[in-house]
Amino acid sequence: MGRAILGRYGNVVVGVLESKDIVSEARRIHGTSPTATALLGRLLTGAALYSLVYRGTRPKLITFEMIMDGPAEHAVAQVKGTRVRGYVKNPEAHAKPVGGKLAVSSIVGKGVLRVIRDGYVSEVPIVSGEVGEDIAHFFYQSEQRRTAVGVGVLVGEYGEVLSAGGFILEVLPDATEEEIAEAEERIRGLSVSGFLKEKSVEDLFSHLTGGKGEVAEVLDYRYECWCSYEEVKRLVVMMREELTEEEKREGKVVARCMFCKREYLIELD
Ligand SMILES: [Zn+2]
């Protein structure tokens, strides 16, 4: 379970999410390296936060996709309701930590962040490759919303997820200078994964709102795939040229869901 809280104080909207279980499940399914765990975990957390702070009716399906020239190559996070799923094309991609921190941007490189909401696509260039900044850049470029986004994953000695989570702070157009200064002060030097290792997501919300926040919504996100025979079959049909001659002759192929690795025996028409 990953608890999320949406609320505000004055003209600042605050969304927070604790995503340790979500990221741990992603790591268990995909066997990600520590750096890839951090990359995929940050993207999953960011996509869930984006859905949390969405204005109006939340889209039925949100997709965050990073197309990269670094070793990770491609990563996807999707949100449907409060269910989250994702994958990274090269889960073994790893880079040497820099200054004790996982070097996520080293496996990302350059590329684009693509966001798809119920078929509506927008895309921005990757600016830092650390994910949080890239999502904030997306908010600004694509939706003209001023946000600060922090997403973090703390990985232990054996690659296990010690803590994970994130926040979005959005300064509304009517925010005062004082409110903006307060918001900046509260996120200065804040390591969200470090914070959530010691404290709860409720504490994080309280910290970011100076204890004056009004809670609008509490949601529990979780890693859960919603694949079906039909979905996997559509993909197999799309990639028909990649099937072996034998598979084509037999009219049957064993295909795996990319998000949960469940196997399906697909019968071709
Ligand atoms: Zn699946």
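Analysis parameters
- Going along each chain's sequence as written, the residues are numbered from 1 onward.
- Reporting in this predicted model follows two pLDDT cut-offs: at least 70 for local features of residues, and 80 or more for side-chain atom pairs to be given and counted; totals over whole chains, interfaces and linings ignore these cut-offs and use all residues.
- Side-chain descriptors were evaluated using all non-hydrogen atoms of the structure, hydrogens and water having been removed beforehand.
- Fitted lines through C-alpha atoms give the axes, limited to the stretch in contact for helices. The angle between two N-to-C directions lies from 0 to 180 degrees.
- For helices the rule is a DSSP run of H or I covering at least 4 residues; for strands it is a run of E covering at least 2, with both sets numbered from the N terminus onward.
- Roughly parallel covers angles under 35 degrees, roughly antiparallel covers those over 145, roughly perpendicular covers 65 to 115, and oblique covers all other angles.
- By definition, any crossing whose near helix is turned counterclockwise from its far helix by less than a right angle is left-handed, and any crossing with a clockwise turn is right-handed.
- The criterion used for residue contact is that any of the two residues' heavy atoms lie within 4.5 Å.
- Residue polarity is assigned by list, with Asp, Glu, Lys and Arg as charged and Ala, Val, Leu, Ile, Met, Phe, Trp, Tyr, Cys and Pro as nonpolar; anything else, Gly included, falls into the polar class.
- Two strands qualify as a pair provided DSSP detects at least 2 bridges between them.
- Paired rings are identified among Phe, Tyr and Trp, the last through its six-membered ring, by centres lying within 6.5 Å, and are further divided according to the angle between planes into stacked (under 30 degrees), edge-to-face (over 60) and tilted (the rest).
- The rule for a charge over a ring is simple: NZ of Lys or CZ of Arg within 6 Å of the ring centre, and within 35 degrees of the ring normal.
- Counted as donors are the N, O and S atoms within 2.8 Å of the metal, or 3.2 Å for Na, K and Ca, while water is not among the atoms, so some sites may look incomplete.
- For four-coordinate sites, all angles between 85 and 135 degrees define a tetrahedron; for four- and six-coordinate sites, opposite donors beyond 155 degrees with the remaining angles between 65 and 115 define square planar and octahedral shapes respectively, and all other cases count as irregular.
- The cut-offs for exposure are 20% and 50% of the maximum accessible area for each residue type, with area from a 1.4 Å probe on protein chains only; residues under the lower value are buried, those over the upper are exposed, and the others partly exposed.

Chemist: Can you lay out the packing of helix α1 (residues 20-30) against helix α2 (residues 34-52) for me, pointing to particular residues and giving the numbers?
Modeler: Two elements in contact, α1 and α2, have axes whose closest approach is 9 Å; the angle formed by their N-to-C orientations is 135°. As the angle between them shows, α1 and α2 are arranged oblique. In this structure, α1 meets α2 at a crossing whose hand is right-handed. In contact with Ile22, Val23, Ala26, Arg27 and His30 of α1, α2 contributes Thr37, Leu40, Gly41, Leu44 and Thr45. Broken down by class, the residue content of the contact of α1 with α2 amounts to 5 nonpolar, 4 polar and 1 charged.

Chemist: Describe the sheet that holds strand β1 (residues 2-9), and please don't skip the residues or the numbers.
Modeler: As a general point, the strands of a sheet are linked pairwise by backbone hydrogen bonds and lie either parallel or antiparallel. One open sheet holds the 10 strands; their spatial order is β7-β6-β3-β4-β5-β10-β1-β2-β9-β8, and the pairing between them is mixed. Only two strands of the sheet have a single partner each, and these edge strands are β7 (120-125) and β8 (146-155). Here the strands of the sheet are splayed against their neighbours by 15° on average, with no regard to which way each runs. Where strand β4 (residues 74-80) and strand β5 (residues 83-88) come together, 6 bridges link them in antiparallel fashion. Paired with lysine 80 across the strands is arginine 83, a residue of β5. Most of the contacts of α1 go to strand β9 (residues 161-171), to which it runs at about 125°, and overall it touches β1, β2 (12-18), β5, β8, β9 and β10 (214-223). In the packing of α2 onto the sheet, contacts are made with β1, β2, β3 (62-68), β4, β5, β6 (111-117), β8, β9 and β10, and the angle to β8 comes to roughly 145°.

Chemist: Tell me what's going on with the packing of aromatic side chains, and back it up with residues and numbers.
Modeler: Within the structure shown, the criterion is met by 7 aromatic pairs. Pairwise contacts between aromatic rings join Tyr50, Tyr54, Phe64, Phe138 and Phe139 into one cluster. Looking at arginine 85, its charged tip hangs above the ring of phenylalanine 259, at a distance of 3.8 Å from the centre.

Chemist: Tell me about the coordination of the zinc ion, and name the residues and values.
Modeler: The coordination sphere of the zinc ion contains the protein donors Cys225 (SG), Cys227 (SG), Cys257 (SG) and Cys260 (SG), at a distance range of 2.2 to 2.3 Å. Considering all 4 donor atoms around the zinc ion, the spread of angles at the metal, 107 to 115°, places the coordination shape in the tetrahedral class. Here the donor residues for the zinc ion map to a single chain with the spacing C-x1-C-x29-C-x2-C. On the criterion of sequence distance, the pair formed by cysteine 227 in the loop between β10 and α8 (229-238) and cysteine 257 in the loop between β11 (252-256) and β12 (263-267) is long-range, its members being 30 residues apart. You'll find cysteine 227 and cysteine 257 in the same group, each marked buried.

Chemist: So what's going on with unusual backbone geometry? Which residues, and what values?
Modeler: Leaving glycine out, the prevailing phi sign among residues is negative, and the prevailing peptide bond configuration is trans. Unlike most non-glycine residues, glutamate 73 shows phi in positive territory, near 65°. Inspection of the secondary structure assignment puts glutamate 73 in the loop between β3 and β4. Here glutamate 73 falls in the partly exposed class, since its relative accessible area comes to 34%. The backbone phi angle of aspartate 118 is positive, close to 45°, even though this residue is not glycine. Note that aspartate 118 resides in the loop between β6 and β7.

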